[in-house]
Amino acid sequence: MRKLPNDTVADLAADAPTPSADTAEGPIRRCILSGERDERAHLIRLAISPDGVVAPDVRAKAPGRGAWIGVDRAGLEEAIAKGKLKGALARAFKTGPITIPEDLPQAIEEALTRALLDRLGLEARSGTLLTGSDRIAETARRGKVTMLLHASDAAADGNGKLDQAWRVGSETEGSGDRGIVLPVDRTRLSVALGRDNAVHVALTDHRAAARIDQFLGRLLHFKGEGAEPAPGMTI
């Protein structure tokens, strides 16, 4: 996932499509803070309530006009502190007074986290997701794991064993490829999946992994963290 620069301020609303800018991958929108264009799926939509309060709309389902941002949390916090976000939103929405909640950056991060966990839960119910170290290790050695994920509080040795099994199965020994450490702990992950003590997660379907990749990439980008994608995947 491409990281957008955050050192300039655009004065155009991002919710209106740019003529001839949409691609086969998805609609293109403009970040109101950087001025950069990117696929809508890579950006975060902000909506405004009838009384002018700004809120995250990470699923892009709120009615009415919206504005899109592609900067990370640090860039957003700087834009809020300098008044740049308020000015950009005023130009985007062209309404009355706008209120930016103090906890907007945290609310966005939490909304992105919930969206990721909800997606993981859907994959678990559809049968494209595995848990359990032994089961994952066996599947990984057979080359059937497309994406490998670890809870934030997973033990390093447990991660290492599964990472090694994954490299063996994908014939990438010596590459240093390893699973992605999720920004959620095992307790929250287990609740999302509806399973007991879910510490490690494996995706066995490429399309399912691509869906998780999108949600996870957006969250990690906003948090200002990188990720090492699975072989053949791009974040």
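Residues numbered from 1 in each chain as written. Predicted model: local features only at pLDDT ≥ 70, side-chain atom pairs only at ≥ 80, totals over all residues. Heavy atoms only, no water.

Focus: the overall build of the protein
On a plain count of helices and strands, the protein comes out with seven helices and nine strands. Here the analysis covers contacts within the protein between residues at least 6 apart in sequence; of these, 70% occur between residues at least 24 apart. Counting only carbon and sulfur atoms, one obtains 48% of the accessible surface of the protein, whose full area is about 11,300 Å². (Helix = DSSP H or I, 4+ residues; strand = E, 2+ residues; numbered from the N terminus. Contact = heavy atoms within 4.5 Å. Areas by Shrake-Rupley, 256 points an atom, 1.4 Å probe, with all protein chains shown as cover.)

With respect to the pattern of salt bridges
Per the stated rule, a full pass over the model turns up 13 salt bridges. For Glu-110, the salt bridge identified is with Arg-114, shortest N-O distance 3.8 Å. Here Glu-110 and its partner Arg-114 are both found in helix H3 (residues 104-126), four residues apart, which amounts to about one turn of the helix. Look at Glu-110 and you get partly exposed, because its relative accessible area is 24%. The network of salt bridges with shared partners includes Arg-73, Glu-77, Glu-109, Lys-223 and Glu-225. (Salt bridge = Lys/Arg side-chain N within 4 Å of Asp/Glu carboxyl O. Buried < 20%, exposed > 50% of the residue type's maximum accessible area, 1.4 Å probe, protein only.)

So, the layout of surface pockets
By volume, the largest pocket amounts to about 230 Å³. In this structure, the largest pocket is lined by 13 residues; those nearest its centre are Ala-41, Val-58, Arg-59, Gln-214 and Arg-218. Among the elements that take part in the lining of the largest pocket, helix H7 (residues 206-223) stands out by supplying three residues, more than any other. In terms of residue class, the lining of the largest pocket is made up of eight nonpolar, two polar and three charged. (1 Å grid on protein atoms, 1.4 Å probe; cavity = no way out; pocket = protein on both sides within 12 Å on 5 of 7 lines; lining within 4 Å. Points joined across faces, edges and corners; volume = space filled by probe spheres on them. Nonpolar A, V, L, I, M, F, W, Y, C, P; charged D, E, K, R; others polar.)

Structural notes on the side chain of Glu-123
Examined against the element boundaries, Glu-123 turns out to sit in helix H3. Assessed through its relative accessible area of 0%, Glu-123 is described here as buried.

Some words on the sheet that holds strand E3 (residues 44-48)
Read across the sheet, three strands follow the order E4-E3-E5 without closing on themselves; strand pairing throughout is antiparallel. The outermost strands of the open sheet, each flanked by one partner alone, are strand E4 (54-56) and strand E5 (67-69). Averaged over neighbouring strand pairs, the angle between their axes works out to 35° when direction is ignored. Here E3 pairs with E4 via three bridges, running antiparallel. Bridge pairing in E4 places Leu-46 opposite Pro-56. This element, helix H2 (residues 84-93), spans E3, E4 and E5 of the sheet and lies at about 70° to E3. (Pairing = 2+ DSSP bridges. Axes fitted to C-alpha atoms, helices over the stretch in contact; angles between N-to-C directions.)

Some words on the nonpolar core
Counting 49 residues, the largest nonpolar core has Leu-33, Leu-85, Leu-89, Leu-120 and Leu-149 as the members making the most contacts within it. Here this core gets nine residues from one element, more than from any other, and that element is H3. Once residues within four sequence positions are removed from consideration, Leu-120 is found in contact with Leu-129, Leu-149, Leu-182, Leu-189, Leu-193 and Ile-212. Core analysis: the next-biggest nonpolar cluster, separate from the first, contains ten residues, Ile-136, Ala-137, Val-145 and Ala-165 among them. (Core = buried A, V, L, I, M, F, W, Y, C linked by side-chain atoms within 4.5 Å.)

Digging into the pairing of strand E7 (residues 147-150)
Because side chains alternate across E7, one face comprises the buried residues Met-147 and Leu-149, and the other comprises Leu-148 and His-150, equally buried. Two elements, E7 and strand E8 (residues 180-181), share two bridges in a ladder whose sense is parallel. Considered in E8, the bridge of His-150 is made with Val-181. On the question of chirality, the crossover connecting E7 to the parallel E8 by way of helix H5 (residues 156-169) is right-handed. (Right-handed = clockwise from strand over helix to strand, strands pointing away.)

As far as function goes, none of this settles anything; it's purely spatial.
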